[in-house]
Amino acid sequence: MNTRCASRLAAAGLGFAALAAAAQTAPPPLPPEPAGTAAFVLSANTDGPLTPTTPNPYSYGRPWIRVDVKSQRLTYFDGWGLPVRHYEVSTAKNGVGELKNSYQTPRGWHRVCERIGDGVEADTIIFRREVTPWKYTRALHEQYPNKDWILTRILWLCGMEPGKNQGGDVDSYERFIYIHGAGQHVAYGTPTSLGCVRMKSEDVIDLYERTPNGTDVVIEENG
């Protein structure tokens, strides 16, 4: 074999060796793909502990409200059942019960059937379901200490369980059971009302913006 042929064979051998070495080397990583919704959700679920959900047991997939009388807390859940907001409230000082004139907070499933107070300022007095031009103040409360102030917003509840909180002498709507704003004098976290669910004005505004007519509400005695 002449010198020229030997040189060509040696060069070819070096080329094959380079290709073989390249084949055994891991390829460079591909650029990351844009993260879509599914990837974001997967990442959120694996980066930390999952948040427990409590889907609406009355109307699955719909946002809902739970009022827990024992803990004096109201929770708003979104359509997935995620607890979006917790609020301190005040239910009836006479405890729970559905009978007319008992001044007790009714239990069971309800629905928001009327909303009063769109856009009015915090602490605006609502009298007999009519928005007035007057504002609640501590000084006004001191003049009328026994007044059951209804302020800012009303979510008027209809009972959904015939014979328990709907119809006859146990009808929550006819009893004027509301979730409503109340004054700064209220000891929230303690039962003080005449049957309704009292909330701070800023809290009832926030809840009102989240709850259209038809929102499901359950009032639980031992929650």
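All chains use their own residue numbering, which begins from 1 and follows the written sequence. Since the coordinates come from a predicted model, pLDDT governs what is reported: local features require at least 70, and pairs of side-chain atoms require 80 or more to be given and counted, while whole-chain, interface and lining totals use all residues. Only hydrogens and water are set aside when side-chain values are computed; all heavy atoms of the structure are taken into account.

Notes on the overall build of the protein
Looking only at helices and strands, one finds 4 helices and 10 strands in the protein. Going along the chain from the N terminus, every DSSP run of H or I of four or more residues is numbered as a helix, and every run of E of two or more is numbered as a strand. If you list the helices and strands of the protein from N to C, you get α-α-β-β-β-β-β-β-α-β-β-β-α-β. Any residue under 20% of the maximum accessible area for its type is buried, any over 50% is exposed, and the rest in between are partly exposed; the area is computed with a 1.4 Å probe on protein chains only. The 223 residues of the protein split such that 37% are buried. Sequence-distant contacts in the protein: of pairs separated by 6 or more residues, those separated by 24 or more amount to 66%. The protein chains shown are the only cover counted for residues, whose accessible areas, like all others here, come from Shrake-Rupley with a 1.4 Å probe. Working note: accessible area of the protein is about 13100 Å², and carbon and sulfur atoms make up 56% of it. By the convention used here, residues are in contact when the closest approach between their heavy atoms is within 4.5 Å.

Re unusual backbone geometry
Backbone geometry at glutamine 72 places phi at a positive 55 degrees, although glycine is not the residue there. Following the sequence through the fold, glutamine 72 ends up in the loop between strand E1 (64-68) and strand E2 (73-77). A residue is classified by how much of its surface remains accessible, and glutamine 72, at 3% relative accessible area, is buried. Positive phi is not limited to glycine here, since arginine 128 has a value of about 50 degrees. The topology assignment puts arginine 128 in the loop between strand E5 (124-127) and strand E6 (130-135). With a relative accessible area of 65%, arginine 128 lands in the exposed category.

Points about the nonpolar core
If you look at the biggest cluster of nonpolar residues, it comprises 20 residues, and the most contacted ones within it are Leu74, Ile179, Met199, Leu207 and Val217. Of all the secondary structure elements, the ones that give two or more residues to this core are E1, E2, strand E3 (83-90), strand E7 (151-159), strand E9 (197-200), helix H4 (201-210) and strand E10 (216-220). Among the elements that take part in this core, H4 stands out by supplying 3 residues, more than any other. Here valine 217 is in contact with Ile65, Val67, Gly108, Trp109, His110, Val112, Leu157 and Ile179, once residues within four sequence places are set aside. Take the buried residues of types Ala, Val, Leu, Ile, Met, Phe, Trp, Tyr and Cys, join any two whose side-chain atoms come within 4.5 Å, and each joined set is a nonpolar core.

What about the packing of aromatic side chains?
In this analysis, rings of Phe, Tyr and Trp, with Trp reduced to its six-membered ring, are considered paired at centre separations within 6.5 Å, and the interplanar angle assigns stacked below 30 degrees, edge-to-face beyond 60, and tilted for intermediate values. Taken as a whole, this structure holds 7 aromatic pairs when the rule is applied. The rings of Tyr58, Trp64, Phe77 and Trp109 are connected pair by pair, giving a single aromatic cluster. Counting as a charge over the ring demands two things of the Lys NZ or Arg CZ atom: a distance within 6 Å of the ring centre and an angle within 35 degrees of the ring normal. The ring of tyrosine 208 is capped by arginine 153, whose NZ or CZ atom sits 5.3 Å from the centre of that ring.

Some remarks on the pattern of salt bridges
Any carboxyl oxygen of Asp or Glu within 4 Å of a side-chain nitrogen of Lys or Arg constitutes a salt bridge here. Counted under the stated rule, the structure contains 10 salt bridges. One salt bridge in this structure joins aspartate 206 and arginine 85, with 3.0 Å as the shortest N-O distance. Of this pair, aspartate 206 sits in helix H4 while arginine 85 sits in strand E3, placing them 121 residues apart in sequence. With its nearest N and O atoms 3.2 Å apart, the salt bridge here joins glutamate 121 to lysine 135. Remark: lysine 135 occurs in strand E6 and glutamate 121 occurs in the loop between strand E4 (108-116) and E5; sequence separation between them is 14 residues. Lysine 135 gets classed as partly exposed once you look at its relative accessible area, which sits at 36%. A network of salt bridges, in which partner residues are shared, links Arg85, Asp206 and Arg210.

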